[in-house]
Amino acid sequence: MPIHLLTAEVAGKIAAGEVVERPASVVKELIENSVDAGASQIRVEIREGGRRLIRVTDNGCGIPSAEVPLAFARHATSKLDDVGDLDRIATLGFRGEALASIAAVSEVTLLTRPRDQDVGLLLRVDGGQVTHHEGHGCPVGTVVTVEHLFRRIPARAKFLRQPETETGHIYTIVTHYSLAYPEIQFGLTADGRTTFQSPGNGQVRDVLLAVHDLDTVEQLVDVEPPDAPGTRVTGYVGLPSLHRANRSYIVLFVNRRWVQDRSLAHAVVQAYHALLPVGRFPVAFLFLAIDPAEVDVNVHPTKREVRFRDGQRVFATLQRAVRAAVTSHAPVQAPGYAPRSWPGSGWDGQQAGEEAVLGATPATQIAMELYRTADEGEQLQPCGPVRLPLLRVVGQVGQTYIVAEGPQGLYLIDQHAAHERVLYEKMSADHRQHAVTSQALLDPLVLELDPLLSGMLSQHLRALNELGFAIEPFGGTAYLLRAVPPVLGTSDLRAAVVDILEILRVGSDPIALSAEQRLIAAICKRSAVKAGMVLAPEEMQKLVRQLELCELPHTCPHGRPTLLHFSVEQLEKGFARR
Ligand code: ADP
Ligand code: MG
C-alpha cells in the first residue's frame, strides 16, 4: 500500500484509543472536566459497567453556547494559552483531547448552561458528527451523557471486561478523586443503585470512612509534613498491623492528580522496610504538593504518569515522611481483632501485671498500657512508638538467634542485629543530649592507613571526634588514636577503626540515613555481639530487655529485621491445630 494520509475519522479513532481505554477512562476525563469547572457536586451514573451509559452531572461553570461545538474539536481547550503555560499547569485537563476522543468512539449528549445565560444548550454528537443542536432549559452546570461506548469499534469492545469489572474500575476512579477533592461531593450510581457518596465536607478522613471499612481507617495515621520548603507530603498511612497482598492500596496524588508511579510506590514500600510480613504491602493515601514547575504532567496521554525534575529528592522526601509517620505511632489492639494469647501459658497479661508491680521498667509499663487499653475495650488509637511486649528468653539457637516467647507468640531474635539497634539508640540519644563518653588509651596508637581509608578517615574525622573518638592527623596517611567510644571495648582498636571505615565505604543501607546516623550505625555494627557467639542466659535476657526499651525494636539501624515473630495463630495454623 502506498503511503497516504489517514482520513480524519480514522486518525481520530486512533488518537481516541490513547485516551479512552475503557469506560473508567471516560469517567476520569469527565470528572476532571467537572473539577476544572469548579463544581462542588459531581454525580456519576453508569449502566452495564459504563458500556451502555455514563452520565456525569456537575454544578460547575458550564460552557457558553457559542463555545460548545469547539469543545468537541481536538486540541480545543480553555485551560492553556501558550507554551509557557505548560510549565505551570494548575488544572487537571489541558490537552483539549478528551471530549473529542470520547465523541469519536461513542454517542455523546451535552447539556450545559453558564450562570449568565438564561437557556442552556443541548448538543448531540454521534461518532464525531454533530447530529442535534438546540437551546434547552437546564440548571447551571454541565451534564455529559456517553452512550454505546465502542459500539462501532468491535476491536475495542472485545477487550472490555465483565460489567462488574468495569464498574470496579469506575468505582476506583470516583473514590480516588473524592479523596483528592474532599471538598467536592461525589456520588456514584450503578444500574440505579447508589454505590458511593462522599460527604464533601473537606475532610479526607471522612472520605476514607465512606470508601473503606472502619477497621482499616482506624489503623491509618496522619502523615505530618515537616516545616521545610519543597515537596510537601500529607495524607494517611497504615500502621504495620495493616497490610495487603498487593500494591494497589498505595494511592498517590501529585498536586491533586492521581498518579500511578512505580518509583513513588516503591518509596512507600521501602519506608515500611522490615515492618511488614514478607510479601505484604502497606496501605497509604498520600498527597504530594510540588511546585508545578518541578513536575511534568505531560508525559502520558491520560496523565497517569508524571516526571519530576528532581525525582531522587521527591523519592527521599516521601520515604522519610512515611517512615516517620509509621514509626511514631503504634496500634493498640482492640479486642475484636487482637491477636490471641497463648492458652494457659501464664501469658494472659497477669504476668506482665505482676512484673509491673515488682519493678516497673518502662517496657512493663508499656505492656500494661496495652493490656489495660485492650481490657477497657477502647478503639484502636495511636500510643507512641511500636514497642515490643515483655519477652521471656527460652534459649539460643545456632549461636546466632535468641528464642523468646511473648504474649502473642514466638520470637526469633537476631542477636547481632538486636544488639546493633540497642547500641544505636543509646549512642544516638547520648549524642543528642551532648552526653557522649570517651575512653582514653593509656598509650596513643599510630594508625597507618592506605590512601583510600585515610581519605575516608580525614573526611569523617570531625564527626568521629564528636562521637567519642580522639583522632589526630599524624603526617601523610597516618593518624594518632588517643581515645575511643567505650562501646568499642579495648582490644584490637586498630582493626576496629579500619572496620568502621570499611562499613562506611561499602555500606548500602536499605533506608536513607543521615551522614551522622550512618557513622553511629557503623560504630554500633562493629561493636555489637557477633553471630556465632555463645551467650549466657543472663546476657540474652539483658539484651532482650534492652531491645524492649528501644523505640524501633523491629529493625537494626540499617533497616534489616532484628526479629521474626510467629503469632499464636500462625503456629496453630502451621501445626494444623485449627
Ligand atoms: P481539556 O479538559 O483538556 O481542556 P476537554 O476535551 O476535556 O479538554 O474539554 C474541552 C473544553 O471543554 C475544556 O477546556 C472546557 O473549557 C470545556 N468543558 C468540558 N467539560 C466541561 C464541564 N463539565 N464544565 C465546563 N466546561 C467544560
Ligand atoms: Mg478535560
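Reference entry: report on the structure contained in this document. (Residues numbered from 1 in each chain as written. Chains lettered and ligands numbered in written order. Predicted model: local features only at pLDDT ≥ 70, side-chain atom pairs only at ≥ 80, totals over all residues. Heavy atoms only, no water.)

1. What to know about the nonpolar core
Selection criterion: We call a set of buried Ala, Val, Leu, Ile, Met, Phe, Trp, Tyr and Cys residues a nonpolar core when their side-chain atoms join them within 4.5 Å. The buried label applies to any residue whose accessible area, calculated with a 1.4 Å probe on protein chains only, is under 20% of its type's maximum; exposed applies above 50%, and partly exposed to all values in between. The domain limits used here are those given by an automatic or database domain assignment. Contact criterion: two residues are considered in contact whenever any of their non-hydrogen atoms come within 4.5 Å of each other.
Membership of the largest hydrophobic core comes to 61 residues, with the highest contact counts inside it found for Leu30, Ile31, Val146, Val174 and Phe186. For this core, the two domains that each supply at least three residues are domain 1 (8–201) and domain 2 (212–327). When residues no more than four places from it in sequence are discounted, the contact partners of phenylalanine 186 are Ile31, Val35, Ile42, Val174, Tyr177, Ser178, Tyr181, Phe196, Gln197 and Ser198. Formed by 35 residues, the second largest nonpolar core is a distinct cluster that contains Val223, Ile250, Val259 and Ala265.

2. A word on helix α16 (residues 515–527)
Our working definition: In this text, helices come from DSSP runs of H or I with a minimum length of four residues, and strands from runs of E with a minimum of two, each type numbered from the N-terminal end. By this rule the span expected of a helix is its residue count minus one, scaled by 1.5 Å.
Over its 13 residues, α16 extends 19 Å from the first C-alpha to the last, a length consistent with the 18 Å expected when each residue adds 1.5 Å. Every buried residue belonging to α16 is among Leu519, Ile520, Ala521, Ala522, Ile523, Cys524, Arg526 and Ser527, and all of these are buried. The elements touched by buried residues of α16 are α13 (415–432), α14 (451–466) and α15 (493–506).

3. Some words on the site of ligand 1
Keep this limit in mind: It suffices for a single heavy atom of a residue to lie within 4 Å of a molecule or strand for the residue to be listed as near it. Within 3.5 Å is the distance limit for a polar contact, defined as a pair of N or O atoms, with the added protein rule that one can donate a hydrogen and the other accept it, and that residues adjacent in sequence qualify only through two side-chain atoms. Side-chain classes follow a simple rule in which Ala, Val, Leu, Ile, Met, Phe, Trp, Tyr, Cys and Pro form the nonpolar group, Asp, Glu, Lys and Arg form the charged group, and the remainder, Gly included, forms the polar group.
Residues in close proximity to ligand 1 total 19 residues, the closest being Asn33, Thr77, Ser78, Lys79 and Gly96. A distance of 2.9 Å is found between an oxygen atom of ligand 1 and a backbone nitrogen or oxygen belonging to leucine 99. Among the residues making up the shell around ligand 1, the classes are represented as eight nonpolar, seven polar and four charged.

4. Some details on the sheet that holds strand β18 (residues 409–414)
Strand pairs in the sheet, formed through backbone hydrogen bonds, run parallel or antiparallel to each other. Using the following cut-off: Any two strands between which DSSP finds at least two bridges are classified as paired. For helices, the fitted line uses only the C-alpha atoms of the stretch in contact; every axis is such a line through C-alpha atoms, and the angle between N-to-C directions lies from 0 to 180 degrees.
Taken together, the four strands give an open sheet; going across it, the order is β16-β17-β18-β22, and neighbouring strands pair in antiparallel fashion. The two strands at the open ends of the sheet, each matched to only one other strand, are β16 (392–397) and β22 (563–567). Averaged over all pairs of adjacent strands, the angle between their axes in this sheet comes to 20 degrees, without regard to strand direction. Relative to β18, strand β17 (residues 401–406) runs antiparallel, the two being bridged by six bridges. The residue of β18 that forms the bridge with valine 403 is leucine 412.

5. As for the sheet that holds strand β4 (residues 120–126)
Pairing is mixed across the open sheet formed by eight strands, whose spatial order is β5-β4-β3-β6-β2-β1-β7-β8. Sheet topology places β5 (129–136) and β8 (193–197) at the edges, where each strand pairs with a single neighbour. Along the sheet, successive strands turn relative to each other by an average axial angle of 15 degrees, direction set aside.

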